[in-house]
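One-letter residues, chain by chain:
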Amino acid sequence: MERQYPQSLNKKQSSFREELVWIEEILQRVEEVNVIYQYIAVFIIGFVPFLEAFVAVPIGVLLDLPFILVVLVGVTANWLSVMAVIVFSSFIRSLFSEKARSNSDRFINRRFQKAI
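We now turn to the structure provided with this report. (Residues numbered from 1 in each chain as written. Predicted model: local features only at pLDDT ≥ 70, side-chain atom pairs only at ≥ 80, totals over all residues. Heavy atoms only, no water.)

1. A look at the overall build of the chain
This is how it is decided: Starting at the N terminus, helices and strands are each numbered in turn, a helix being any DSSP run of H or I of at least four residues and a strand any DSSP run of E of at least two. A simple rule labels every residue: compare its accessible area, found with a 1.4 Å probe on the protein chains alone, to the largest value its type can have, and call it buried under 20%, exposed over 50%, or partly exposed in between. Whether two residues are in contact is decided by their heavy atoms, any of which lying within 4.5 Å being enough. Working definition of accessibility: Shrake-Rupley area with a 1.4 Å probe, residue cover restricted to the visible protein chains.
Of the regular secondary structure elements, the chain holds 4 helices and 0 strands. Listing every helix and strand of the chain by position from the N terminus yields α-α-α-α. Taken over 116 residues, the chain has a buried fraction of 13%. For the chain, restricting intrachain contacts to residue pairs at least 6 apart in sequence, the fraction spanning at least 24 positions comes to 61%. For the chain, the exposed surface amounts to about 9,900 Å²; the carbon and sulfur share of it is 67%.

Now the structure itself:
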């Protein structure tokens, strides 16, 4: 005897199946792309902080790319993005600190000249 499920459950199952079919179609299309572009995609996804371990590496593994190379590409991309943020923030901080220093020097010089 076949079990009867509520109508809402059947709708959820069918939408889940549709999503799986959609994901499989995307995966098939991506597998047809040149391997270099697949590594570039893993690199770009890995460039976003926190996505390298959770998204980039699993996508690379799903594309049947070698695990070690995918991890190296993802980690390298993440490292480069972190270094870019550090360099950019250091540059911005140095700009603001020089501007603040020059403003304070002028203020001190004006006070000193008034005192003389």
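Now, onward.
2. With respect to the nonpolar core
Rules: The term nonpolar core refers to a set of buried residues drawn from Ala, Val, Leu, Ile, Met, Phe, Trp, Tyr and Cys, joined through side-chain atoms within 4.5 Å.
Counting 7 residues, the largest nonpolar core consists of Tyr-39, Val-42, Ala-56, Val-57, Leu-63, Leu-65 and Val-70. Of all the secondary-structure elements, those providing two or more residues to this core are helix H2 (35-47) and helix H3 (51-62). Non-local contacts of Val-70, meaning those with residues more than four positions away in its chain, are made with Tyr-39, Val-42, Ala-56, Val-57, Gly-60 and Leu-65.

3. Remarks on the packing of aromatic side chains
Rules: By convention, a stacked pair of Phe, Tyr or Trp rings (six-membered ring in the case of Trp) has centres within 6.5 Å and planes under 30 degrees apart, an edge-to-face pair has planes over 60 apart, and any other such pair is tilted.
Evaluation of the coordinates by the stated rule reveals 1 aromatic pair. Measuring from centroid to centroid gives 6.2 Å for Phe-43 and Phe-47, while their planes differ by 35°, and the two rings are tilted. Placement of both Phe-43 and Phe-47 in helix H2 is noted, with a separation of 4 residues, approximately one turn of the helix. Relative accessible area serves as the criterion here: at 29%, Phe-43 is assigned to the partly exposed category.

4. Here's the deal with unusual backbone geometry
Its identity as a non-glycine residue notwithstanding, Asp-64 has a phi of 65°, on the positive side. Position of Asp-64 among the secondary structure elements: in the loop between H3 and helix H4 (67-115).

5. Quick look at H2
As a reminder, the rule being used: One less than the number of residues in a helix, times 1.5 Å, gives the span that helix is expected to have. Working definition: the arc comes from the directions between the helix axis and the C-beta atoms, pointing outward to the latter.
Between the first and last C-alpha of H2 there are 18 Å, a value that for 13 residues agrees with the 18 Å anticipated at 1.5 Å per step. Along H2, the residues classified as buried are Gln-38, Tyr-39, Val-42 and Gly-46. Here the buried residues of H2 occupy an arc of 95° about the axis, which is enough to place them on one side. Turned more than 90 degrees away from the buried face of H2, the exposed residues are Ile-36, Tyr-37 and Ile-44.

6. What about the packing of H2 against H3?
Counted only if it meets this: Note on geometry: axes are C-alpha line fits, over the in-contact stretch for helices, and angles between N-to-C directions span 0 to 180 degrees. These descriptions rest on fixed angle ranges, namely under 35 degrees for roughly parallel, over 145 for roughly antiparallel, 65 to 115 for roughly perpendicular, and the rest for oblique. Note: crossing handedness is left-handed where the near helix turns anticlockwise from the far helix by less than a right angle, and right-handed where it turns clockwise. Classes in brief: Ala, Val, Leu, Ile, Met, Phe, Trp, Tyr, Cys and Pro nonpolar; Asp, Glu, Lys and Arg charged; the others, Gly included, polar.
Their axes nearest at 8 Å, the elements H2 and H3 cross at an angle of 165°. The orientation of H2 with respect to H3, classified from their angle, is roughly antiparallel. Considering how the two elements wind past one another, H2 and H3 form a crossing that is right-handed. Mapping the contact onto sequence places Val-42, Ile-45 and Gly-46 in H2 and Leu-51, Glu-52, Val-55, Ala-56, Ile-59 and Gly-60 in H3. Split by residue class, the contact of H2 with H3 holds 6 nonpolar, 2 polar and 1 charged.

Interpretation note: all reported values are geometric properties and have no functional meaning in isolation.
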